[in-house]
Amino acid sequence: MFKRILVANRGEIALRIIRACRDMGIEAIAVYSRADRDAAYLKLAHDAFCIGPESPQLSYLHAPAIISAAELADVQAIHPGYGFLSENPTFAQMCRDCRIEFIGPSVESMRLLGNKVEARRLARTVKVPILPGSLEPVADEDEAVAVAERIGFPVMIKAAAGGGGRGMRPAHNEATLRSCFRNARAEAEAAFKDGSLYIEKLIERPRHVEVQILGDKKGNLVHLWERDCSIQRRHQKLVEESPSPHISPRTRRKICAAALRLARAARYYSAGTFEFLVDQDENFYFMEVNTRIQVEHPVTELVTGIDLVRWQLRIAAGETLTLAQDEIPQRGAAIECRINAESPDEDFRPCPGRIDEFIPPGGPGVRLDTHVYAGYVVSPHYDSLLAKLLVHRSTRAEAITAMRRALEEFRIGPIQTTIPLQLSIIEHADFKKGNVDTGFIEREINTGTRKT
């Protein structure tokens, strides 16, 4: 096992990794930008290095600064967390060139699965269902129109690289496709330095279901069941849960088996998330792979009792996965609400500023992952995530009740947060029934057609 690792991230995920290291007797070295110099979690690290100014491009995304800090700290490995450089194969290769273990999958797997077009081709070879569409990047608008006419409108334009909803546009006719194609290409180029796009059939009102995978370097692989991430706004997740409501046990088994098949084909190890769209008839289609720990990983930890970050560390150190598939439970129901410093009534405008009041919820079955405290200043330079509020109860109905109580207890001020929106979601009649899809927020919440 490692004696010392560097945590190449910030906020709640940095704290989560530091805590796992402390539990395992590993020295955790933190890095921080000047905006995060007063972060409370830095005091829990064995040491901390400033890696640059507030701008992410000059700090958390600046690979040479992170590698320099790792070498100064004499670490054996780097944990990238999520976001920033976590899915960057060039950074992973830099780590390994410097004889520093990258806590994640192989560079080859990252490159293969990080490109959605290549991942779709691989999925087809191992009989994992994919949506009709292009198996190569489309060269221009004319080719995009040709593909769309072949598979039929509506279609979705997607960036071959990256994720997070950037470079994605729906199109219901040729005129919209041509207009959106140009915008999607520009957005993908700006976000990922890769303007490659592909076209696939658009499913109306799909569910977004993802499967958590763990694998070791010896080829052992298991799934840790699925999470439902259908509650989104602009392709950004707001609520996640496990098990997924309204999919049958048969579909659950099939989708988890498909994820394992694809993971084996990619020779995948470490933690990874294989994402699917599920239509109204429970047909599922592979979408993409996140080759890192997910924001919503605690949902899986609650229903399985398995510490994913600890297993990431053990696998990176060369240990054998000792989890047997038939012994991995899916107990009870877990729900996560992402609490962001945003104003939902103003198109989710970020709300940076000082937090003067911070009263966290508690009680049976409640988990709060956060780096925030009274006196904390939310920076305008980074993601607006403040906390991940989770509940775990015996049934989904009990979990919804517990989440409502926890949200009502949670006090953060004076900045605006998504807590009122989260309450609207979990109180909605369709959410309680599990009748949700990726368009739920825009259709049922923002339009004022709330049903309770």
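Our structure is the block above this text.
1. Remarks on the packing of helix H2 (residues 63-73) against helix H3 (residues 89-97)
One way to put it is that H2 packs onto H3 with a least axis distance of 11 Å and a crossing angle of 30°. In terms of orientation, H2 and H3 fall into the roughly parallel class. Considering how the two elements wind past one another, H2 and H3 form a crossing that is right-handed. Of the residues in H3, those in contact with Ala63, Pro64, Ile66 and Ile67 of H2 are Phe91, Met94 and Cys95. Its residues assigned to classes, the contact of H2 with H3 shows seven nonpolar, no polar and no charged.

2. Notes on unusual backbone geometry
In terms of backbone geometry, most residues other than glycine have negative phi values and most peptide bonds are trans. Cis rather than trans, the peptide bond between Phe153 and Pro154 has omega equal to 0°. If you trace the backbone, Pro154 turns up in the loop between helix H6 (141-151) and strand S6 (155-159). We note that Arg205 has phi near 55°; this positive angle belongs to a residue other than glycine. Mapping Arg205 onto the fold places it in the loop between strand S8 (197-201) and strand S9 (207-215).

3. Some details on the environment of Ser379
The residue Ser379 is located in the loop between strand S20 (377-378) and strand S21 (385-393) in this model. A relative accessible area of 14% places Ser379 in the buried class. Along the backbone, Ser379 and Gly353 are 26 residues apart, and their C-alpha atoms lie at a distance of 6.8 Å. Residues in contact with Ser379, not counting those within four places in the same chain, are Ala35 and Pro352. There is a polar contact of 3.1 Å between the side chain of Ser379 and the backbone nitrogen of His381.

4. Description of the nonpolar core
Core analysis: the largest hydrophobic core is formed by 91 residues, its most contacted members being Leu6, Ile78, Leu214, Phe274 and Phe276. Among the elements that take part in this core, helix H1 (residues 11-24) stands out by supplying eight residues, more than any other. Both domains that furnish three or more residues to this core are identified here as domain 1 (4-103) and domain 3 (207-446). Every residue in contact with Phe274, bar those within four places of it in the chain, is listed here: Leu113, Val209, Glu210, Val211, Ile213, Ala259, Leu262, Ala263, Tyr268, Glu288 and Val289. The next biggest cluster of nonpolar side chains, apart from the first, holds 37 residues, and it includes Cys337, Ile355, Leu386 and Ile412.

5. Describing the packing of aromatic side chains
If you walk through the whole model with that rule in mind, you get eight aromatic pairs. Here Tyr60 and Phe84 contribute two aromatic rings whose centre-to-centre distance is 5.1 Å and whose plane-to-plane angle is 25°, an arrangement assigned as stacked. Of this pair, Tyr60 sits in the loop between strand S3 (47-52) and H2 while Phe84 sits in the loop between strand S4 (77-79) and H3, placing them 24 residues apart in sequence. Since its relative accessible area comes to 0%, Tyr60 is described here as buried. On the basis of relative accessibility, which here comes to 29%, the residue Phe84 falls in the partly exposed class. With centroids separated by 5.6 Å and ring planes inclined at 75°, the aromatic side chains of Tyr373 and Tyr376 adopt a geometry described as edge-to-face. Of the residues examined, Tyr376 reaches a relative accessible area of 8% and is grouped as buried.

Thresholds applied
Residues numbered from 1 in each chain as written. Predicted model: local features only at pLDDT ≥ 70, side-chain atom pairs only at ≥ 80, totals over all residues. Heavy atoms only, no water. Axes fitted to C-alpha atoms, helices over the stretch in contact; angles between N-to-C directions. Helix = DSSP H or I, 4+ residues; strand = E, 2+ residues; numbered from the N terminus. Parallel < 35°, antiparallel > 145°, perpendicular 65-115°, else oblique. Left-handed = near helix turned anticlockwise from the far one by under 90°. Contact = heavy atoms within 4.5 Å. Nonpolar A, V, L, I, M, F, W, Y, C, P; charged D, E, K, R; others polar. Buried < 20%, exposed > 50% of the residue type's maximum accessible area, 1.4 Å probe, protein only. Polar contact = N/O pair within 3.5 Å; in protein donor to acceptor, adjacent residues only side chain to side chain. Core = buried A, V, L, I, M, F, W, Y, C linked by side-chain atoms within 4.5 Å. Domains from an automatic or database assignment. Phe/Tyr/Trp six-rings, centres within 6.5 Å; stacked < 30°, edge-to-face > 60°.

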